[in-house]
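# Per-entry structural report
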Amino acid sequence: MDEEDKKIKAFVSSDKKIPEKVNKTFDSFIEQVEKNQILENDVIDENNGTQFLLRFRKILAVAASFLIIAVGSNVYAKSQGYENIFFLIKNIIYNEEKTDDEIFSDKDIVISYKSIQITDEIELQINELQIKDNTAKLYLLVKEQKENLDSPLNYKVYNNENLEMYSSKNNKKHEENIYTEVLNLKNYKDSCTKLKLEIYNNNGVLLKSIIIDLLEKTIEARTENQVINKISQIELNKFIKNETEKLYSKDEMKNKKVIIIDIYDIFYSNGKYIVKYIFMMPSDEEFEKDKVQETTIYTNTIEFTSNNEDFIKVKIDTPEVFE
Amino acid sequence: MKEEDKKVFIENINNNRLKLYKTAISILKNEDDANDAIQETLYSAYKNYYNLREKQYFTTWIVRILINKCYDIINKNKKIAYIDDSITQNTVGKEDNYDVESSLEWVLEKIDKDLNEIVVLYYYNDFSVTEISEMLNIPKGTVKSRLARAREQIKTIIKEKEGEFNG
């Protein structure tokens, strides 16, 4: 931190104000912890009005959801030719019993056993698609780290006509770090050649969208929202910076440094990462005088493979001015 | 939670009161929402404390939980977190009654809104560029370029303020 930064820090950190209400929240929480009033599985304190209201809202939301499910499932059952939902369930159970001893499919498609990094803490393998008539089961193997805050994950699957085949909401958190998810896909047709699997975190934020090519048996993973969690961001930046610097001669790089501003797109396809990024090359003088903003910004694409420890360059394009 | 762990946990919470509040308010711009986010964060942190293996990273860990809770609240409320017109109008009044003790809030109101989190995390909470990059899930380069922008804007603000005091 230079002198200027220290001055700014001193200026902003002189602010020590916390509203009384927020301080009370801290005090009340600490008091509950000290008095062992918080059960680890039930953190609601009914003596606290706000908390009670929250709980009431949750109960109301759950009740409303049940009502919607009950009405919706009856409508669905009627549309399928059943008197009500109980007849439909009965029929499903009856059919399941019949297929217990059968091999689910003779058209299974083994897709891949290569792990895809979903976030820094979550890896996923799309192992297999088992098909029978117009239903299919997609087997995923998920590996999570304990501290991960994105879990439990939810999924959506679409076919090549973009029709929803599967959607999960409010999945339960798995106790194990490695577990298998089986997604029962509806309306599977033999004409289905591609599936799109979307993976969401517990806040409903799309973490990754993956295209599964059933004919080629390949997977293309794509991050959304310019969030790159596939590999270590720090290492990736270093690697791209080094490879970009190599594009220029020593004279061209004299008193200059490459700064990677943003990695705005990253694809993973057939064992290769394709990364699009923007960078600038300010001179030391520009950098020191904080005139970095005025330097030209370039865009470029690099392709590389990774063996979990190193990145190996496959191809790098010639940078273009970013407009 | 064991008594010993509980003591450390409470101590950590007390040490981070200001950081948590300033982070929440910088994102949510609303005291009630910030209070809700903090409340949810505290319970979530308590429930998941045993999952935190490296206890020395408590601050980073809890701020990360808080940031997630803040975005959760923004999503739930479908609110726009950016400062709205009514608050902008109030800024004039706040400026008139400028008090050095509320310098952070004052700076946050003056600079571009996309720089607020970065300023609080870097200058107020002392997180490194790498830590911020991981917390906000944005590239390190983006953190740096936003910091450079923030630095320029805050410099101007401080100069103006110094001018006002001297003039």
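It should be emphasised that the depicted structure is a prediction, and the values quoted were computed from it without experimental measurement.

### Structural notes on the overall build of chain B
Within chain B one finds nine helices and zero strands. Sequence-ordered secondary structure for chain B, helices as α and strands as β, is α-α-α-α-α-α-α-α-α. For chain B, with 167 residues in total, the buried portion stands at 53%. Here the analysis covers contacts within chain B between residues at least 6 apart in sequence; of these, 66% occur between residues at least 24 apart. On chain B, roughly 7,800 Å² of surface is accessible, and the fraction owed to carbon and sulfur atoms is 46%.

### A closer look at the confidence of the model for chain B
Residues and elements named next belong to chain B. Summary statistics for chain B give a mean pLDDT of 77 and a share of 81% for residues scoring 70 or more. In the model of chain B, helix H5 (residues 85–96) stands out as the element of lowest mean pLDDT, 39, in contrast to helix H3 (residues 31–48), which has the highest, 90. Every residue in residues 79–101 scores below 50 in pLDDT, and together they form 28 contacts with partners more than four places removed in sequence or on other chains.

### What about the side chain of Asp150 of chain A?
All names here are of chain A. Assignment of secondary structure puts Asp150 in the loop between strand S4 (135–144) and strand S5 (154–158). Reaching out from Asp150, the side chain makes a polar contact with the side chain of Asn201 at a distance of 3.1 Å. Other than its neighbours up to four places away in sequence, Asp150 contacts Thr119, Glu121, Ile122, Asn201, Asn202 and Leu207.

### A few points about helix H2 (residues 17–28) of chain B
An α-helix turns once per 3.6 residues; consequently, residues spaced three or four apart project the same way. Across its 12 residues, H2 of chain B extends 16 Å between first and last C-alpha, which sits within 8% of the 16 Å expected from 1.5 Å per residue. Counting buried positions along H2 of chain B yields 10 of 12 residues, so the element is predominantly enclosed. In this structure, the buried residues of H2 of chain B make contact with helix H2 (20–34) of chain A together with helix H1 (3–15), H3, helix H4 (58–77), helix H6 (103–110) and helix H7 (116–124) of chain B. Phi turns positive one or two residues past the end of H2 of chain B, at Lys29 of chain B, with a value near 55°.

### Points about the packing of aromatic side chains
Given two aromatic rings, their pairing is described by the distance between the two centres and the angle made by the two planes. Scanning the entire structure with this criterion turns up 15 aromatic pairs over all chains. Considering the side-chain rings of Phe29 of chain A and Tyr46 of chain B, the 6.3 Å spacing of their centres and the 85° angle between planes classify their relative orientation as edge-to-face. On the criterion of chain membership, the pair formed by Phe29 of chain A in helix H2 and Tyr46 of chain B in helix H3 is interchain, its members lying in two chains. Taken individually, Phe29 of chain A and Tyr46 of chain B each receive the classification buried, so the pair is uniform in this respect. For the cation-ring pair, Lys196 of chain A lies above Tyr158 of chain A, with the distance from its terminal atom to the ring centre recorded as 5.4 Å. Above the plane of the ring of Phe127 of chain B lies Lys19 of chain B, whose end atom (NZ or CZ) is 5.9 Å from the centre.

### A few points about a nonpolar patch on the surface
A surface patch of nonpolar side chains, about 310 Å² in accessible area, is lined by Val62, Phe66 and Ile69 of chain A. The topology assignment puts Phe66 of chain A in helix H3 (residues 49–79).

### Focus: the packing of H2 of chain B against H4 of chain B
Residues and elements named next belong to chain B. One can describe the packing of H2 onto H4 by two numbers: an axis separation of 10 Å at closest approach and a directional angle of 30°. As judged from the angle between their axes, H2 and H4 are roughly parallel. Our pair here, H2 against H4, has a crossing hand that is right-handed. On H4, the residues touching Lys19, Leu20, Thr23, Ala24, Ile27 and Leu28 of H2 are Thr59, Ile62, Val63, Leu66, Ile67, Cys70, Tyr71, Ile73 and Ile74.

### Considerations on H3 of chain B
Residue and element names in this part refer to chain B. Across its 18 residues, H3 extends 25 Å between first and last C-alpha, which sits within 8% of the 26 Å expected from 1.5 Å per residue. Within H3, the full set of buried residues consists of Asp33, Ala34, Asn35, Ala37, Ile38, Gln39, Thr41, Leu42, Tyr43, Ser44, Ala45 and Tyr46. A side-chain oxygen of the first residue of H3 lies 2.8 Å from the backbone nitrogen of Asp32; this N-cap is Asn30.

### With respect to unusual backbone geometry
For residues besides glycine, phi is generally negative; the peptide bonds are generally trans as well. All names here are of chain A. A cis amide bond, omega 0°, links Ser151 with the succeeding residue Pro152. Secondary-structure assignment places Pro152 in the loop between S4 and S5. One non-glycine residue, Asn255, lies in positive phi territory at about 60°. Positionally, Asn255 belongs in the loop between helix H5 (233–245) and strand S11 (259–269).

### Considerations on the pattern of salt bridges
Residue and element names in this part refer to chain A. One pass over the structure, following the stated rule, counts 12 salt bridges over all chains. The closest approach of N and O atoms between Glu303 and Lys315, which form a salt bridge, is 4.0 Å. One end of the pair, Glu303, is in strand S13 (residues 297–306); the other, Lys315, is in strand S14 (residues 311–316), with 12 residues separating them in the sequence. Residue Glu303 is classed as buried on the basis of its relative accessible area of 14%. Taking relative accessible area as the criterion, Lys315 reaches 44% and is therefore assigned partly exposed. Salt bridges sharing partners connect three or more residues here, namely Glu243, Lys246 and Lys313.

### Here we look at the interface of chain A and chain B
The interface of chain A with chain B comprises 49 residues on the first partner and 61 residues on the second. Of the roughly 5,500 Å² buried between chain A and chain B on both sides combined, carbon and sulfur atoms contribute 58%. At the junction of chain A and chain B, the tally comes to two salt bridges. The residue Lys21 of chain A makes a salt bridge to Asp32 of chain B at a minimum N-O spacing of 2.2 Å. Joining chain A to chain B, the criterion identifies seven residue pairs in polar contact (both at pLDDT 80 or more). Take the side of chain A that touches chain B: its biggest share by element is 11 residues, from H2 of chain A. Across the side of chain A that touches chain B, the residue classes break down as 19 nonpolar, 14 polar and 16 charged.

### Focus on the environment of Glu152 of chain B
Residues and elements named next belong to chain B. Along the chain, Glu152 turns up in helix H9 (residues 140–166). Look at Glu152 and you get partly exposed, because its relative accessible area is 30%. Through-space distance from the C-alpha of Glu152 to that of Ile111 is 9.7 Å; in sequence the pair is 41 residues apart.

Parameters at a glance
Residues numbered from 1 in each chain as written. Chains lettered and ligands numbered in written order. Predicted model: local features only at pLDDT ≥ 70, side-chain atom pairs only at ≥ 80, totals over all residues. Heavy atoms only, no water. Helix = DSSP H or I, 4+ residues; strand = E, 2+ residues; numbered from the N terminus. Buried < 20%, exposed > 50% of the residue type's maximum accessible area, 1.4 Å probe, protein only. Contact = heavy atoms within 4.5 Å. Areas by Shrake-Rupley, 256 points an atom, 1.4 Å probe, with all protein chains shown as cover. pLDDT = per-residue confidence, 0-100. Polar contact = N/O pair within 3.5 Å; in protein donor to acceptor, adjacent residues only side chain to side chain. Expected span 1.5 Å × (residues − 1). Phe/Tyr/Trp six-rings, centres within 6.5 Å; stacked < 30°, edge-to-face > 60°. Lys NZ or Arg CZ within 6 Å of the ring centre and 35° of its normal. Patch = residues over 30% accessible without salt bridge, like charges linked within 9 Å, V, L, I, M, F, W, Y side chains within 5 Å. Salt bridge = Lys/Arg side-chain N within 4 Å of Asp/Glu carboxyl O. Axes fitted to C-alpha atoms, helices over the stretch in contact; angles between N-to-C directions. Parallel < 35°, antiparallel > 145°, perpendicular 65-115°, else oblique. Left-handed = near helix turned anticlockwise from the far one by under 90°. Buried area = accessible area lost by both parts, 1.4 Å probe. Nonpolar A, V, L, I, M, F, W, Y, C, P; charged D, E, K, R; others polar.

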